[in-house]
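# Notes for the structure review
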Amino acid sequence: MATRRVESFLVRIVVAENEGKTAQQWHGRIQHIGTGFECRIDQLEELLAFITNHLHASTNNTTTDPTSSPTT
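A brief look at the structure comes next.

### Some remarks on the overall build of the chain
Per the secondary structure count, the chain includes 1 helix and 4 strands. Sorting the 72 residues of the chain into buried and exposed places 21% on the buried side. Excluding contacts between residues fewer than 6 apart, the proportion of contacts in the chain whose partners are at least 24 apart in sequence is 34%. With an accessible surface of roughly 5600 Å², the chain has 53% of that area assigned to carbon and sulfur atoms.

So, in structure tokens, the structure goes:
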């Protein structure tokens with residue numbers, strides 16, 4: 001029988017509305033709820049990397065994420 005695991009992430013995005021610019025600038029933070037680890041992001045690739053790295057670490061029963069630090 002297959003096991004199932006649920007992981008939760010909180011993503012906060014701040015969008016700067018600059019007049020005269022065609023592309024909106026944004027930045028944010030992503031946090032893994034279970035461990036409290038979080039990381040600043042300003043590209044979608046960073047968001048995906050954080051999730052991928054965390055899921056891989058969780059699969060290997062690792063309790064720390066080397067790419068970020070716990071929230072204090």
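Additional details are given in the paragraphs that follow.
### Notes on the environment of Gln31
Positionally, Gln31 belongs in strand β2 (residues 25-32). According to the relative accessible area criterion, Gln31 is buried, its value standing at 14%. Each C-alpha atom of the pair Gln31 and Ile51 lies 9.3 Å from the other, and the pair is 20 residues apart in sequence.

### Observations regarding the pattern of salt bridges
Under the criterion given, the structure shown has 3 salt bridges. A salt bridge links Glu7 to Arg5; its shortest N-O distance comes to 2.7 Å. Taking the relative accessible area as the measure of exposure, Arg5 reaches 45% and is therefore partly exposed. Here Arg29 ties to Glu38 by a salt bridge, and the two come within 2.9 Å at their closest N and O atoms.

### Some remarks on the pairing of β2
Two elements, strand β1 (residues 9-16) and β2, share 8 bridges in a ladder whose sense is antiparallel. Residue Val11 lies in a different strand from β2, and its bridge partner there is Ile30. Inspection of the sheet shows β2 paired to strand β3 (residues 37-41) by 4 bridges, in the antiparallel sense. Within the sheet, the bridge partner assigned to Gly28 lies in β3 and is Ile41. Linking β2 back to β3 in an antiparallel pair, the connection comprises 4 residues, with Gly36 at a positive phi of about 85°.

### Considering the nonpolar core
Counting residues in each nonpolar core, the largest one holds 5 residues, listed as Ile30, Phe37, Ile41, Leu47 and Phe50. Taken together, the elements giving at least two residues each to this core come down to β3 and α1 (44-59). Setting aside anything within four residues of it in sequence, one finds Ile30 in contact with Phe9, Leu10, Val11, Phe37, Glu38, Cys39, Ile41, Leu47, Phe50 and Ile51.

The rules behind each value
- Position labels on residues start from 1 in each chain and follow its written sequence.
- Reporting in this predicted model follows two pLDDT cut-offs: at least 70 for local features of residues, and 80 or more for side-chain atom pairs to be given and counted; totals over whole chains, interfaces and linings ignore these cut-offs and use all residues.
- Calculation of side-chain values draws on the structure's entire complement of heavy atoms; hydrogens and water are dropped beforehand.
- Put simply, DSSP H or I for four residues or longer makes a helix, DSSP E for two residues or longer makes a strand, and each gets a number counted from the N terminus.
- Note on exposure labels: buried denotes an accessible area under 20% of the residue type's maximum, exposed denotes more than 50%, and partly exposed covers the range between, all computed with a 1.4 Å probe on protein chains only.
- In this description, contact between two residues means that some pair of their heavy atoms is separated by no more than 4.5 Å.
- Only the protein chains shown count as cover for residues, with accessible areas throughout obtained via the Shrake-Rupley method and a probe of 1.4 Å.
- The rule for a salt bridge is simple: a side-chain nitrogen of Lys or Arg has to be within 4 Å of a carboxyl oxygen of Asp or Glu.
- Between any two strands, pairing holds if DSSP finds at least two bridges.
- The nonpolar core is taken to be a set of buried Ala, Val, Leu, Ile, Met, Phe, Trp, Tyr and Cys residues, with the residues joined through side-chain atoms within 4.5 Å.

On their own, these measurements won't tell you what the molecule is for.
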